Amino acid sequence: MRLKKFYGRSKNTNGEFSRTLMHQARIGVSASYPSLSSYKAYIYNDPMILYDPDLIQAYTDYGIMLPISPARAPRIIDFLDHSGVLASEPLKPLFDSPTARRFLGDPTPLHREDLERVHQKEFITTLYQEGPEGSQGLLKALLNTYELIDRRGRPHRYEPDRAVKPLLELFHLTLAQVEGTYLACRLALEKDPKPGFCYYLGGGMHHARYDQGAGFCLINDIMIAARKLQYENRVQRIWVVDLDAHKGCGTAELVYFSRIRGDLGGNTGLEIANLSIHMAKGWPLDGETLHAAPQGRAPWIQGDVEICIEAGAEDTYISELQRGLALLEKGSQNLHPDLVIVVDGSDPYEHDELPSSSLLKLSLDGCIERDRLVYQYLREQGIPSAWIIAGGYGERAWEPNAYFLRTLQGGGQR
Ligand SMILES: [Zn+2]
């Protein structure tokens, strides 16, 4: 059944929805889980890239008016294809790919427990529409995460009348991204020659907090993947190196909470350590968000290593990143991790179009140098790495990621 309109207008009465979703029971997200065995991403071998064309999110299809270009990932692939970088292996569905079969064997499905290992159980129950509010709970979580309703309950950069897809579907897409991030980690760990490298054209939901989504991030794929890998005894220590323009505040909060619970290695709690290099000011650090976080929660929880770049101080970026990596090593008692997850946002780019990332303006060369620095460091230290695409807004958001990946042609030596 095709539904023309999925929502009634969200009118503003004391911040409540005066008219609720139409047809929500029929369009609701089922409680079934996605299965990695049916995951349809494409895989390229050298450099290893994971790309899921079904994941392309045209936010306008959901009535969300954000400058997020659905063309970012396809343009990266096109650019690399035309540059001859991807010529070695044709497109294949992931599990039809000999490469994936060789490295992954049987897929390990994503379970709901993997989400609950990281996030509050009640929050996950809400997302699966099993809470007291049913599908309204998921709807509210999405409206909050994508900041679609202002403080007075009015739509904010949200035009539900223009939606051609149900908003609730975004939960499925989010779960697919969690799978992709986890798969990229698995591929990076298993790939030969060592150290493995896998770049996933998705993921990076680093603002998602313990009990709520934030900053366009519903749940935190980075922490879910990291904790799942630890739970499965595939790794012991992981670093998260977050290069997005915005502080990885949700990740910092989730690391902190996991540590308090004793989930991250007993006394030291160092089994996951995180570095975030980001704008010194701006969202989320001074964000007037819809649900401003109380003290002691993200975005004010200090990450293990935080490097703040002031507006206009872009020329210090590379040396500060080097300093940050050294601090991360030192803080980890010089124990190298088994895997690094790199949150490779392109929103520090000077041509990024999101107003809240405008305080950091790296040139294209600066972005490439940033990525090359981390790449070379990990290569020299022999550490496998999974890279995820994270933030990047506007028509040129594909450029930093694509130009970096092009430098990896022929083994990445330059
Ligand atoms: Zn960002």
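The coordinates are above.
What counts as what
- Residues numbered from 1 in each chain as written.
- Predicted model: local features only at pLDDT ≥ 70, side-chain atom pairs only at ≥ 80, totals over all residues.
- Helix = DSSP H or I, 4+ residues; strand = E, 2+ residues; numbered from the N terminus.
- Buried ≥ 20, exposed ≤ 12 C-beta atoms within 10 Å, placed from the backbone.
- Contact = placed C-beta atoms within 7 Å.
- Pairing = 2+ DSSP bridges.
- Axes fitted to C-alpha atoms, helices over the stretch in contact; angles between N-to-C directions.
- Core = buried A, V, L, I, M, F, W, Y, C linked by C-beta atoms within 7 Å.
- Parallel < 35°, antiparallel > 145°, perpendicular 65-115°, else oblique.
- Left-handed = near helix turned anticlockwise from the far one by under 90°.
- Nonpolar A, V, L, I, M, F, W, Y, C, P; charged D, E, K, R; others polar.
- Right-handed = clockwise from strand over helix to strand, strands pointing away.

Quick word on the overall build of the chain
Thought 1: When its secondary structure is counted, the chain shows 12 helices and 10 strands.
Thought 2: Relative to its full complement of 414 residues, the chain shows a buried share of 49%.
Thought 3: Residue pairs at least 24 apart in sequence account for 78% of intrachain contacts in the chain once pairs closer than 6 positions are excluded.

What to know about the environment of Ala-214
Thought 1: Residue placement: Ala-214 occurs in the loop between β5 (197-200) and α8 (221-231).
Thought 2: Accessibility expressed as a C-beta count within 10 Å gives 28 for Ala-214, which makes it buried.
Thought 3: Remark: the alpha-carbon pair of Ala-214 and Gly-250, spanning 36 residues in sequence, is separated by 8.1 Å.

Brief notes about the sheet that holds strand β4 (residues 48-51)
Thought 1: Spatial ordering of the open sheet is given by β3-β4-β5-β10-β9-β6-β7-β8, a layout of eight strands whose pairing is mixed. Where the open sheet ends on each side, the last strands, each with one partner, are β3 (42-45) and β8 (305-309). With strand direction ignored, the average angle separating the axes of adjacent strands in the sheet is 15°.
Thought 2: When β4 meets β5, the two strands line up parallel, connected through two bridges. The partner of Leu-50 across the bridge, within β5, is Tyr-200.
Thought 3: Where helix α7 (residues 170-190) meets the sheet, it contacts β4, β5, β9 (339-343) and β10 (385-388), and its direction lies at approximately 165° from that of β5.

Notes on the environment of Ile-301
Thought 1: Its location among the elements puts Ile-301 in the loop between β7 (272-279) and β8.
Thought 2: Looking at Ile-301, the number of C-beta atoms within 10 Å reads 20, which means it is buried.
Thought 3: Residues Ile-301 and Tyr-256, 45 residues apart in the sequence, show an inter-C-alpha distance of 7.8 Å.
Thought 4: Setting aside residues up to four positions removed in sequence, Ile-301 forms contacts with Ala-252, Glu-253 and Tyr-256.

Details of the nonpolar core
Thought 1: Counting 120 residues, the largest nonpolar core has Leu-50, Ala-184, Cys-185, Cys-198, Tyr-200, Ile-341 and Ala-386 as the members making the most contacts within it.
Thought 2: Leave out the neighbours within four places in its chain, and Ala-184 touches Leu-50, Cys-198, Tyr-200, Ala-386 and Ile-388.

Thoughts on α8
Thought 1: Of all 11 residues that make up α8, 10 are buried, and the element is covered over most of its length.
Thought 2: Here the buried face of α8 lies against α4 (112-116), α7, β6 (238-242), α9 (249-260), β7 and β9.
Thought 3: Just downstream of α8, Asn-233 is the residue with a positive phi angle, here 60°.

Examining helix α6 (residues 135-145)
Thought 1: Considered for burial, the residues of α6 that qualify are Ser-135, Leu-138, Leu-139, Ala-141, Leu-142, Leu-143 and Thr-145.
Thought 2: Two residues or fewer after α6 comes Glu-147, characterised by a positive phi angle close to 55°.

What about the packing of helix α11 (residues 364-381) against helix α12 (residues 398-406)?
Thought 1: Remark: α11 packs on α12, axes separated minimally by 9 Å, with the N-to-C direction vectors making an angle of 50°. Relative to α12, the element α11 is oriented oblique. The crossing of α11 and α12 is right-handed. On the side of α11, the interface is formed by Leu-364, Cys-367, Ile-368, Asp-371 and Arg-372, while α12 contributes Glu-399, Pro-400, Tyr-403 and Phe-404.
Thought 2: Grouping the constituent residues of the contact of α11 with α12 by class yields six nonpolar, no polar and three charged.

Remarks on unusual backbone geometry
Thought 1: The residue after Asp-46, namely Pro-47, is reached through a cis peptide bond having omega 0°.
Thought 2: Here the bond from Lys-194 into Pro-195 is cis, since omega is -10°, no more than 30 degrees from zero.
Thought 3: Following the sequence through the fold, Pro-195 ends up in the loop between α7 and β5.
Thought 4: Its identity as a non-glycine residue notwithstanding, Asn-233 has a phi of 60°, on the positive side.
Thought 5: Here Asn-233 shows up in the loop between α8 and β6.
Thought 6: With 7 C-beta atoms counted inside 10 Å, the residue Asn-233 sits in the exposed group.

With respect to the pairing of β5
Thought 1: Where burial is concerned, the two faces of β5 agree: the one with Phe-197 and Tyr-199 and the one with Cys-198 and Tyr-200 are both buried.
Thought 2: Examined bridge by bridge, β5 and β10 share four bridges and lie parallel to one another. Note that in β10 the partner of Cys-198 across the bridge is Ala-386.

Some points on the pairing of β9
Thought 1: Extensive coverage of β9 is indicated by the burial of five of its five residues.
Thought 2: Here β9 shows a buried face lined by Leu-339, Ile-341 and Val-343 and a second buried face lined by Val-340 and Val-342.
Thought 3: In this structure, β6 lies alongside β9, joined through five bridges in parallel fashion. Bridging across to β9, Ile-238 finds its partner in Leu-339.
Thought 4: As paired elements, β9 and β10 share four bridges and run parallel to each other. Residue pairing for β10: Val-343 is matched across the bridge by Ile-388.
Thought 5: Taking the sense of rotation as the criterion, the β-α-β connection linking β9, α11 and β10 turns out right-handed.

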